[in-house]
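Listed below, chain by chain, are the residues.
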Amino acid sequence: MKLCVIEGDAVGHEVVPAAVKVLQHVAPDISVHSAEAGWDYFQQHGTSLPASTIELAIECRAVLFGAVSSPSYPVEGYFTPIVRLRRTLQAYANLRPTRYLPVPTAREGVDLMIVRENTEDLYVGHEQTTDGGRTSIAEKVITRDATERVSRLAYELAVSSQREKVTIVHKANVLPQSDGLFRRVALEIAEAYPEIMTDELLVDTAAYWMVKDPSRYDVILTSNMYGDILSDMAAAWGGGLGLAPSLSVGEGIAIAEPVHGSAPDIAGKGIANPTATILSVAMLLRHHWRNIEAAKQVEDAVYATLNEGNHTSDIFSSDSISTMAFTDQVCSRLT
Ligand code: NAI
Ligand code: MG
């Protein structure tokens, strides 16, 4: 088995090597192959995602992606490589779990999974500016096919992980066509799973409940943009962005990627929390390579490391340890 490793930019260069080190402890037979993407690469080579990286990702069928820095203003020729990679590989569902971890910043009793559609919505990136720069229009794309496959995956996951409820999140009151289609198709798929409870919420109300009482959620099924925002909110209950993993999955292909970005404010200091990336690798082991034993070993080692009070400075600053010292603590708990 092969893994295509893309560090990306900034903290990607710190958290990805940490997670690879953990992976090599539990699955030494997996061969690791490096590839480039990101803003730094774009500035040197004029593309943020070279064809060689896409080819390697397709060949390996498994990718570990750190994070990249994307400017919040238009740059000729630049596109966000992770969004493009998810679409190119048709890694159509992004699984974002939030589960209590033993750190003071986490909330006990939270155990939810956000299943986010990963290939369309506003993230198709069709924007245009007219009217001499006074008007900008972004296209929101929702299709029956993409909604069907992500909905089916959410319900299958609910069944296989013994969960009870799927909450469909949309804004169909304001967008009765696009979000209305997402809602209708998701409810159609729900009919095939009578053993799973289904409810629905408008996204603003869903955000309110995410803050007020996150334990009301089990599985959340939603479109790309709402899933992006709600999962960062959920990450706060899991202890923070430094602890939030994710896995983008398609047909026989998967991308492990922490929820957080490139964290330029802390990059280069060796203090980033590697937990999100390490747990993303555990998701790759569990859901893609089906190596449940190794996945559990990694999850248990992370839990034990945190439980004994080891932490990086994002959790709290006193007695914090470095990215690599934390990683070594995790590795020392692996057989
Ligand atoms: P961010 O997630 O990079 O950082 C938000 C806050 O969380 C910062 O204070 C940061 O220090 C902290 N943080 C994030 N990861 C951490 C970790 N592992 N350990 C400790 N603290 C951590 O989001 P921000 O600042 O909005 O974006 C920075 C850049 O990242 C932008 O250029 C953005 O486009 C990019 N980004 C990339 C993503 C990706 O490649 N998948 C996802 C989200 C943002
Ligand atoms: Mg995000």
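Located above this text is the structure these notes cover.
Since the model is a prediction, treat every value here as computed from it, not as a measurement.

Further remarks concern the pairing of strand 1 (residues 2-8). For strand 1, the buried fraction is high: 5 of the 7 residues fall into the buried class. Where strand 1 lies against strand 2 (residues 31-35), 5 bridges are found, and the strand directions are parallel. Directly across from Lys-2, in strand 2, lies its bridge partner Ser-31. A crossover links strand 1 with its parallel partner strand 2, the connecting element being helix 1 (residues 12-26), and its sense is right-handed. In the sheet, strand 1 pairs with strand 3 (residues 62-67) via 4 bridges, with the strands oriented parallel. Across the sheet, the residue bridging to Ile-6 is Phe-65, located in strand 3.

Let us now look at the nonpolar core. Counting residues in hydrophobic clusters, the biggest one holds 66 residues, and the most contacted among them are Leu-3, Leu-64, Val-115, Tyr-155, Leu-221 and Leu-285. In this structure, this core is formed jointly by two domains, domain 1 (1-94 + 240-335) and domain 2 (107-238), each of which donates at least three residues. Not counting residues up to four positions away in its chain, the partners in contact with Val-115 are Ala-93, Asn-94, Leu-95, Val-150, Leu-153, Ala-154, Leu-157, Val-219, Ile-220, Leu-221 and Thr-222. Counting 23 residues, the second largest nonpolar core, distinct from the first, contains Cys-60, Val-63, Val-83 and Tyr-123.

All right, on to helix 4 (residues 81-88) then. If you check which residues of helix 4 are buried, you get Pro-81, Ile-82, Val-83, Leu-85 and Arg-86. Phi turns positive one or two residues past the end of helix 4, at Gln-90, with a value near 50 degrees.

Let's shift gears to the side chain of Thr-147. Tracing the backbone through its elements, the reader meets Thr-147 in helix 5 (residues 144-160). The exposure class of Thr-147 is buried, given its relative accessible area of 0%. Contact partners of Thr-147, with chain neighbours within four places excluded, come to Glu-120, Ile-142, Phe-182, Val-185 and Ala-186.

Around ligand 1, 18 residues are found, and the nearest of them are Val-68, Gly-261, Ala-263, Asp-265 and Asn-273. Between ligand 1 and Val-68, the relevant distance is 2.9 Å, taken from an oxygen atom to a main-chain nitrogen or oxygen of the residue. A distance of 2.8 Å is found between an oxygen atom of ligand 1 and a backbone nitrogen or oxygen belonging to Ala-263. Calculation on ligand 1 without its partners gives an accessible area of 810 Å², and the protein chains cover 67% of this total. Split into classes, the residues belonging to the shell around ligand 1 amount to 9 nonpolar, 7 polar and 2 charged.

Rules and cut-offs
Residues numbered from 1 in each chain as written. Chains lettered and ligands numbered in written order. Predicted model: local features only at pLDDT ≥ 70, side-chain atom pairs only at ≥ 80, totals over all residues. Heavy atoms only, no water. Buried < 20%, exposed > 50% of the residue type's maximum accessible area, 1.4 Å probe, protein only. Helix = DSSP H or I, 4+ residues; strand = E, 2+ residues; numbered from the N terminus. Pairing = 2+ DSSP bridges. Right-handed = clockwise from strand over helix to strand, strands pointing away. Core = buried A, V, L, I, M, F, W, Y, C linked by side-chain atoms within 4.5 Å. Domains from an automatic or database assignment. Contact = heavy atoms within 4.5 Å. Near = heavy atom within 4 Å. Polar contact = N/O pair within 3.5 Å; in protein donor to acceptor, adjacent residues only side chain to side chain. Areas by Shrake-Rupley, 256 points an atom, 1.4 Å probe, with all protein chains shown as cover. Nonpolar A, V, L, I, M, F, W, Y, C, P; charged D, E, K, R; others polar.

Function cannot be inferred from these measures alone, as they are strictly geometric.
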